[in-house]
Amino acid sequence: MSVTLPNSSDVGIASELSAFQQRILAILAEDARYGLAIKRELEAYSGSEVNHGQLYPNLDELVEMGLVEKSELDKRTNEYALTEAGHDAITTQLSWVFSRFITSDNRAEEITALVDDIR
């Protein structure tokens, strides 16, 4: 398994994201979504209610950071999509986590098995 791991100086914006914001990016990595669909995905993951006062300020911050793009679906509904910078933030975060988690061949095999199960 050959992976290029980030240096601590390469982590950049990914290190500034909250766990909540990282989850939003992960949801948008699959496909663009409108706010209520993102909210439902977050609630399904956490098993608890996500209020609008938590979701939309975080979405706005991700837009300001250039990690998410916001577009208007209709007069009442916005759609959010992951940008290339958002994609890079996800891969940087995953790479950093893997660099700490994979400390042996057994752990590398665990990650490989997880990826294989997802495919």
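Because the structure is predicted, anything quoted here is derived from the model rather than measured. (Residues numbered from 1 in each chain as written. Predicted model: local features only at pLDDT ≥ 70, side-chain atom pairs only at ≥ 80, totals over all residues. Heavy atoms only, no water.)

Trainee: Explain the nonpolar core to me, please; I cannot follow it from the model alone.
Mentor: Taken as a class, soluble globular proteins show a tendency for nonpolar side chains to be buried jointly. Residues I24, L25, I38, L42, L55 and L62 are the most contacted members of the largest nonpolar core, which totals 18 residues. Looking at this core, the elements with two or more residues in it are α1 (19-30), α2 (35-46), α3 (52-64) and α4 (84-101). Considering each element in turn, this core owes the most residues, five residues, to α1. When near neighbours in sequence (up to four residues on either side) are disregarded, L55 contacts F20, I24, G35, I38, K39, L42 and V50. (Core = buried A, V, L, I, M, F, W, Y, C linked by side-chain atoms within 4.5 Å. Buried < 20%, exposed > 50% of the residue type's maximum accessible area, 1.4 Å probe, protein only. Helix = DSSP H or I, 4+ residues; strand = E, 2+ residues; numbered from the N terminus. Contact = heavy atoms within 4.5 Å.)

Trainee: Can you help me understand the pairing of strand β3 (residues 78-82) in this one?
Mentor: In this structure, strand β1 (residues 33-34) lies alongside β3, joined through two bridges in antiparallel fashion. In the strand pairing of β3, Y34 is matched with E79. Remark: five residues form the turn of the hairpin made by strand β2 (residues 68-72) and β3, two consecutive strands paired antiparallel. (Pairing = 2+ DSSP bridges.)

Just geometry here; none of it tells us what the structure is for.
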